[in-house]
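What follows is the residue order along each chain.
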Amino acid sequence: MAEETTPSSPPAVESPAPAPAATSTPSSPAGATATETTILPAQHWVDNARAAGEDNTDADSFLTSDAQSSTASISSSVLEYREIYGRRYHSDRGDTQYWGANDEQQSEALDILHHTLMMCLDGKIYLAPIKPDIQKALDLGTGTGIWAIDFADEFPSCEVIGTDLSPIQPSWVPPNLKFEIDDFTKEWTFTPSSFDYIHGRWLTGSVPDWTEFFKQAYTALKPGGYLEIFEPSPLMETDDGTVAETNAMGQWGALFIAGGDKLGRSFRVAFDGTLKKALEEAGFKNIEEKDIKTPIGTWPKDKTQKVIGEYARAVVTADIEGHILFMATTLGWSREHILVYMATLRRELSDPTKHGYYRQKILWGMKPE
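It should be emphasised that the depicted structure is a prediction, and the values quoted were computed from it without experimental measurement. (Residues numbered from 1 in each chain as written. Predicted model: local features only at pLDDT ≥ 70, side-chain atom pairs only at ≥ 80, totals over all residues. Heavy atoms only, no water.)

Before going further, it helps to spend a moment on the side chain of asparagine 247. Structurally, the position occupied by asparagine 247 is in the loop between β8 (221-232) and α5 (248-263). On the basis of relative accessibility, which here comes to 15%, the residue asparagine 247 falls in the buried class. A polar atom in the side chain of asparagine 247 sits 3.3 Å from the side chain of lysine 354. (Helix = DSSP H or I, 4+ residues; strand = E, 2+ residues; numbered from the N terminus. Buried < 20%, exposed > 50% of the residue type's maximum accessible area, 1.4 Å probe, protein only. Polar contact = N/O pair within 3.5 Å; in protein donor to acceptor, adjacent residues only side chain to side chain.)

Below you can see the structure in the form of structure tokens.
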């Protein structure tokens, strides 16, 4: 069953009237179908900036690589990173692909994201009805490890394992938590029927086959165990026409969708029905889902939504570069194209008259007992 937010409708927008007043929350149902936009050519941003006489010299600079050291005992091949315009990414060895940077600046953005997602769930870090005496849990794509750390603190008697492609996690963690370098898109080596709970969050764009991914999770779960997945849509939408398809905000999702299509990793899964269908095909039962609409910016009147929107915007602005570099270069964008788009997006995100939001979907299902 699905839950939806039921916010009030925004006032009508007329042109060339003043900007519409902020509403409490986005007004269309949280579970409504998102509409894709067509990606504009990269040169569009440069041409627009020149036509407007904009000075983009303050655009985010491309950072030099911060050669972080790891205290983890791992093979040297794990540390064979690649660089894109000075930013650090996971190695391109094999067919493994991850679109986000894995350096310190991106890690800070991920920690802000964790706080944002907790606020979206009223302080919770999971929704599945797991038992308080679970013995073993797995966090896939753990990133900085912040979710796994919070979960291990909440369940001190549970053995928690967090896996990721990159060793960017801290060394000081709860005693019941350990991190491992692993690629969940490959064949799993965990003992079958060994986990009570498996968690994955913001894995969109990393999974080539969601049904196969969920089948491996199903095998690793104990009967009665739960898999929970929390995925975003990349589309920045609006209910009142304040974010146009040709705006940088309106093009954000189109960029990721086009790049994901080129790599064979869909960014549509939060709104095209892929996740629930894949859970069903993998054998999960008692599947439930929750749809969330997350504002971007401080435009909502509702105090809680305003704070969520402020943090959601900070997730992007803390590292626009780290978010888009991989996808933009995959699509053939030049350094100039990327810099100008970033500067345009930053201006739009600071504009309180643009009432943008994005959708998120949480699903959980049980392996039958």
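The next point concerns the nonpolar core. Formed by 61 residues in total, the largest nonpolar core has its most connected members in Ile130, Phe151, Tyr197, Trp252 and Leu345. Among all residues touching tryptophan 252, those that are not within four sequence positions of it are Pro234, Met236, Val316, Ile320, His323, Ile324, Tyr341 and Leu345. Core analysis: the second largest hydrophobic core is formed by 26 residues, Phe190, Phe195, Leu203 and Trp210 among them. (Core = buried A, V, L, I, M, F, W, Y, C linked by side-chain atoms within 4.5 Å. Contact = heavy atoms within 4.5 Å.)

Counting buried residues along strand β5 (residues 159-164), five of its six residues qualify, which places the element largely inside the surrounding structure. Pairing of strand β4 (residues 136-140) with β5, which is carried by five bridges, proceeds in the parallel orientation. Bridge pairing in β5 links alanine 137 to valine 160. Handedness of the crossover joining β4 and β5 through helix α3 (residues 146-154) is recorded here as right-handed. As paired strands, β5 and strand β6 (residues 177-181) are joined by five bridges and run parallel to one another. In the sheet register, isoleucine 161 faces β6, and the bridge partner there is lysine 178. (Pairing = 2+ DSSP bridges. Right-handed = clockwise from strand over helix to strand, strands pointing away.)

A side chain with one charge can pair with a side chain of the opposite charge if their charged atoms come near. Per the counting criterion, the structure on display carries eight salt bridges. Put simply, lysine 293 and aspartate 239 hold a salt bridge, and the shortest N to O gap is 3.3 Å. Of the two residues, lysine 293 sits in strand β9 (residues 285-296) while aspartate 239 sits in the loop between β8 and α5, which places them 54 residues apart along the sequence. The exposure class of lysine 293 is buried, given its relative accessible area of 5%. Judged by its relative accessible area of 28%, aspartate 239 is partly exposed. A salt bridge links arginine 268 to aspartate 261, with the shortest nitrogen-to-oxygen separation between them at 2.8 Å. A relative accessible area of 41% means that aspartate 261 is categorised as partly exposed. When salt bridges with common partners are traced through the structure, they connect Lys276, Glu289, Asp291 and Lys361 into a single cluster. (Salt bridge = Lys/Arg side-chain N within 4 Å of Asp/Glu carboxyl O.)

Another aspect to go through is the confidence of the model for the chain. Per-residue confidence for the chain averages 81 on the pLDDT scale, and 76% of its residues sit at or above 70. Mean pLDDT across the secondary structure elements of the chain bottoms out at strand β1 (residues 2-3), with 46, and peaks at helix α6 (residues 274-282), with 98. pLDDT under 50 marks residues 1-22. Its contacts with residues more than four places away, or in other chains, come to 41 contacts. In this model residues 57-80 is a low-confidence stretch, pLDDT under 50, and it forms 40 contacts with partners more than four residues away in sequence or in other chains. (pLDDT = per-residue confidence, 0-100.)

Time to look at the pairing of strand β7 (residues 195-201). Counting buried residues in β7 gives seven out of seven residues, a clear majority hidden from the surface. Strand direction decides the pairing type here: β4 and β7, joined by four bridges, are parallel. Paired with aspartate 139 across the bridge in β7 is histidine 199. Taken together, the six bridges between β7 and β8 define a ladder with parallel strand orientation. The residue of β8 that forms the bridge with tyrosine 197 is tyrosine 226. Assessed by its sense of winding, the connection that carries the chain from β7 through helix α4 (residues 210-220) to β8 is right-handed.

To continue, consider the environment of proline 41. Structurally, proline 41 is set in the loop between β1 and α1 (43-52). Accessibility expressed as a relative area gives 55% for proline 41, which makes it exposed. Sequence spacing of proline 41 and leucine 331 is 290 residues, and the spatial spacing of their C-alpha atoms is 9.7 Å.

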